[in-house]
Structure formats: structure tokens, C-alpha cells
Amino acid sequence: MTATTDPRAGARWLSQWARDARGYLALGVIAGVVQALAMVVQLGLMAWFVDRLIVHDQPVTLVATGAALALAVVVRSIGQWGQEMAGLQASHRVRRQVRRALLNAWASAGPVGLSSCDSGRLSSEWTEQVDSLDGYYARFLPQMILAVIVPLIILSVVAVQDWLAALFLLAAAPLIPLFMALIGMGAERVNQRHYESLARLSGHFLDRIRGMTTLQLFGRSADAVEDVAAATDHYRRLNMATLRVAFLSSAVLEFFASVAIAAVAIYVGFALLGMISFGPADEMSLFSGLFVLLLAPEFFQPLRLLSQYYHDRAAALGAAAHLSARLVASDSLVPQAAQAQRQEPDSSGIRVSGLGVRYPNGREVLSDLDFELPSGQALIVTGPSGCGKSTLLAVLAGFMAPSQGEARIRGQSPGSMPVGWMGQRPWLVPGSWRQNLRLTAPEASEGAMQEAIDRVGLRSVLDGLPEGLSTRIGEGGLGLSGGQARRLALARLFLTSSTVMLLDEPTAGLDEATEAEVIEGVRGIIGGRRLCVIASHQPALRALGDQHLALGSTHHA
């Protein structure tokens, strides 16, 4: 999976997801405008109070003025709360939808599409990358609109009081977004490298944890620690680069904002002292001067906030580059069942006609493959490594879609009905024997599990365990030999209700004695109403098949 580096494509992707939260985003903008109007009223009341008290020497009703100020503060607080809550709801809605799309993408890609991705990268997508969208929808998008509306409101109020002071503010305003955009381009590139490094670091660390026992046996633990430390240091440098960009943009913003506010303050001060006679300066009162001076920092406040949240945008663009690539890549290997209508299964077997598989990189694995397997029979698929045996099983399981032709299992498209699957490396979870057996049959009884154990020849092994089925297994079958792990995985197939069994090299890498035990277990699966397709190099398995399919050298993996 290759992430796109085009920021415009990332921005379009983020905008598409924003449609689902458009209502909350609009509500956040309205709440922000209400907050800004309350702030203008509050500052106007403060300037009016000082002007009445000092210049005009008129008594003012403190109760009425205090009540009006308190009301403005309350409305301003409610507006701020409403803006934050609307932003959080918008972010929550979008992130929920993105995670749902990620789940669908992973399910569509299946084991084949995800075979090149380690679990550390996938967990990074699910957690850090999706959570990086939070600031973009919760803060940046509403603030991007408010950064235009609120300064225009304040600029209009200032222009009514003194148009020359409004010109000072207007002259400085465009410089801030310009420098923000220039610095933001660098921030986007840094954030893309940041997420790629985080994904690699997650996978790197997880691989070392999984192989810790092997590393200790060969005395390589210290080297593994140094590798993780080097990867972590690289990630730290990328984080520091992101912080440098953030501090630089903040410094640029504060510089221009401070210069503009200082210019307004100098102008107001000289105008009130009567040292400026140009334009409206002669008519400036304490009320108008103080009001303008109080509004000047607030004019830049929305731009300040946008500058802070601009890094949320950069983070979201970096995450969008990876997430969009994941969602697009999953479309190339969509199982047939995702596009076909569900039908009732019948009693027929497997029918494959004109089947061809071509991977996204252009390599053709299978072409013009035809065969039929009646119900109750077993098919043994043989051929040299790379001829497409595993690919054929993946198509029959519904893990990937063929490029041409079709396959039907009991009248249905692959993936429309559950199948019993055993790959080259049996998947065992850290847990007890019982938990591993119930992965395919959560309601399996103790008696059914004991019978499955007997049928795969693991009774003697189980009887030697003090805790029986409650004995725990480590990750990847740690605590079991290769043959025991294969037979435990075979036992699960006896418990599943599916009548379609797909086995990929069930005896690969086993010695003769263990291979014979696994073959006996496979023999117990074949027969009855079951359909069984077994891919194998081993001649010993050929005797179990009712049919044989030899994939020739013309098929290339």
C-alpha cells in the first residue's frame, strides 16, 4: 500500500467525509458567530462604562451595567460550549464512519489483501490515524469558516468607529493566512512521514515481541533492543520536526498580529492626545478609541486559533494519505460475495469454469481453469510451488475475486457461505485449548470437543496435561509442536457446521511420523456430505482424493 502525497487529494478525501457531519459543522459555526457577537457587546459595554465614568462624569447604574455584562458573558460561554460540543459530535460521527469503512475494507481485502500488512500497521490505522482526524473536524473546519466571518464582523464594527484603524487591521490580516499556508505545506509533508514511521515502528516492535523467545535462544536480545531504540529515535526526530514547524508558524502569526495591534494602539494613543489630525482622528472619543483598542486583539484571535488548528489539518492530511490508500487498495480484491445476491445453498458441489486470477501488479496466477467436484468428494490440487494452489483456495474461500470466469460452491458465490479453512500456518490464539477449539464453534459442548480431539489423535497429548482443555497455549501455538498445532486446527474443522473444507498444505514441514498423524486426521474430515479441496505437495495425500487437479508450469504465481 502506497500513500498518496498529493495534499489536494487528501483534502478532497477529508471533504467527502465531512458531508456526513455537515449539520453539526453548521451548528458549530452558528454557535461561534453567537459567541463573537456576545464578545462585541461585552467589549462595547466595557468601553461605554469607562467613557461614562471618566470623560462624561455621569453616574452609571452599576447593577444594570453589571447585569448586561454578565448576560453577555453567559451568552458568550454558551456559544463557546455549543461550538465545542458540535465539533466533537461532528468528529465522532466522521471517525465512526471511517472506522466502519476500514472494517469493510479489511473484510473485503481478506487474508490475501492484508497478507503484506503487519498487525502493528493495521492497529496504527485503527487508532492513531483515525484519531488524528478528530482535530480537523472538531476544530479546524468550523474555525476555518469563523476565521472569515468573525474578523469581518469585528472589522465592520471598527470601521463604524474609525475607518483608519480598520485599514490598519485589514492591511495585516492577509499576511497571516499567507505565511500559515506556506509553513503548512511543510507541516503536511512532515506529518505524512510521521505516520509512515509510526506504522513501521508499531510493526517493528510487535515483531520483536513475538520473536522474543527465539531472540533469547540465539542470544540476540540486545541487538533487538538496539533496533527498537534506533527506530524509536527516528520517530522522536520526526516528532521534533513537527514541533519545530508548529512553533515556527505560531511565531510568525504572533509577530504580525503584535505589529498590527501595536500600530492600532499607537494610532489610538496619538489620536486621543490630539497629535494626529488626519482622517477621523480628530473625532475620536475615549469610547471609540478604547472600543477599537479592545477589539484589535479579538480581530486576530480567530486567525490565532486557525493557526493552532492548522496543525490539526496537517495531521489529518497525513493520516488521510494512508487511510485513503487503504480504502482504495481494498477495492482491487473484493470477494464475489460482496457483489452477488445471496441465494439458498443447494446440494451441488463445486463448479469452476474459465477461472483466471490476475493480481493488481499484472501477474497472472491462474487462467482458463475448469473443473467440477460433486458433493461428498475430495479434490487434491498438486503442482510446483508458485503454480497457484493457494490462490485457488483463496478464491474458493471468498478471500479474493477472480479476474475472469466464475466459481460456484453449492450454487453460491464464494464467500456467501462459511467454509472450514486451514492455512499453511494454523492460526492459534493465546488462550486455552478450549478457547481455540471454540473459535469456529462457540457453542461446542465438552463432549464434542473431546470427540474432535480423539479423531485427530491428540488424546494421549491431552491426557498428559494436568489442566486438560483448560491448558493455555502461547501466541502462534507456543507450547505445542508443529504437528500438534496442525492437528488442533484440524479438530476445529470437526466442530464447524460447514460442509466445505479447504486445506492448504496441511502436512508441510512435518516429519514422517507427524505427517502420518495429520493425514489420519485429514482422512476423518473427508467423506459424508463434505466437499474437501486440499492443496499439497505431498504424495501421501494423493491417496485421499477422489479427484486430482495438477496445475502445470504454465501457471505463474
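Read on for a plain summary of the structure.

Conventions and cut-offs
- Residues numbered from 1 in each chain as written.
- Predicted model: local features only at pLDDT ≥ 70, side-chain atom pairs only at ≥ 80, totals over all residues.
- Heavy atoms only, no water.
- Helix = DSSP H or I, 4+ residues; strand = E, 2+ residues; numbered from the N terminus.
- Buried < 20%, exposed > 50% of the residue type's maximum accessible area, 1.4 Å probe, protein only.
- Areas by Shrake-Rupley, 256 points an atom, 1.4 Å probe, with all protein chains shown as cover.
- Pairing = 2+ DSSP bridges.
- Expected span 1.5 Å × (residues − 1).
- Salt bridge = Lys/Arg side-chain N within 4 Å of Asp/Glu carboxyl O.

**Observations concerning the overall build of the protein chain**
For step 1, the next point in the chain: Regarding its fold elements, the protein chain presents 16 helices and ten strands.
For step 2, the next point in the chain: When each of the 557 residues of the protein chain is scored for burial, the buried share is 49%.
For step 3, the next point in the chain: Working note: accessible area of the protein chain is about 26,600 Å², and carbon and sulfur atoms make up 59% of it.

**Digging into the pairing of strand 8 (residues 500–504)**
For step 1, the next point in the chain: Burial analysis of strand 8 places five of its five residues in the buried class, which makes it a mostly covered element.
For step 2, the next point in the chain: Judged by which residues are buried, strand 8 turns out to be covered on both faces: Val500, Leu502 and Asp504 on one side and Met501 and Leu503 on the other are all buried.
For step 3, the next point in the chain: Looking at chain direction, strand 5 (residues 420–422) and strand 8 are connected through three bridges and run parallel. Bridged to Met422 within strand 8 is Leu503.
For step 4, the next point in the chain: Judged from the five bridges that link them, strand 8 and strand 9 (residues 531–535) form a sheet pairing that is parallel. Among the inter-strand pairings, Leu503 is bridged to a residue of strand 9, identified as Ile534.

**Some details on helix 15 (residues 482–495)**
For step 1, the next point in the chain: Here helix 15 is 14 residues long and its end C-alpha atoms lie 21 Å apart, about the 20 Å a rise of 1.5 Å per residue gives.
For step 2, the next point in the chain: Burial of helix 15 is extensive: 13 of the 14 residues sit out of reach of the surface.

**With respect to the pattern of salt bridges**
For step 1, the next point in the chain: Across all of its chains, the model carries 13 salt bridges by this definition.
For step 2, the next point in the chain: Notably, a salt bridge pairs Arg76 with Glu298, separated by 3.9 Å at the nearest N-O pair. On the criterion of sequence distance, the pair formed by Arg76 in helix 3 (residues 62–113) and Glu298 in helix 10 (residues 286–329) is long-range, its members being 222 residues apart.
For step 3, the next point in the chain: Close ionic contact of Asp454 with Arg459 constitutes a salt bridge, the shortest N to O distance being 2.7 Å.
For step 4, the next point in the chain: When its relative accessible area of 41% is taken as the criterion, Asp454 is described as partly exposed.
For step 5, the next point in the chain: When its relative accessible area of 25% is taken as the criterion, Arg459 is described as partly exposed.
For step 6, the next point in the chain: In the salt-bridge network here, residues are joined through shared partners; they are Arg95, Arg99, Asp131 and Asp134.

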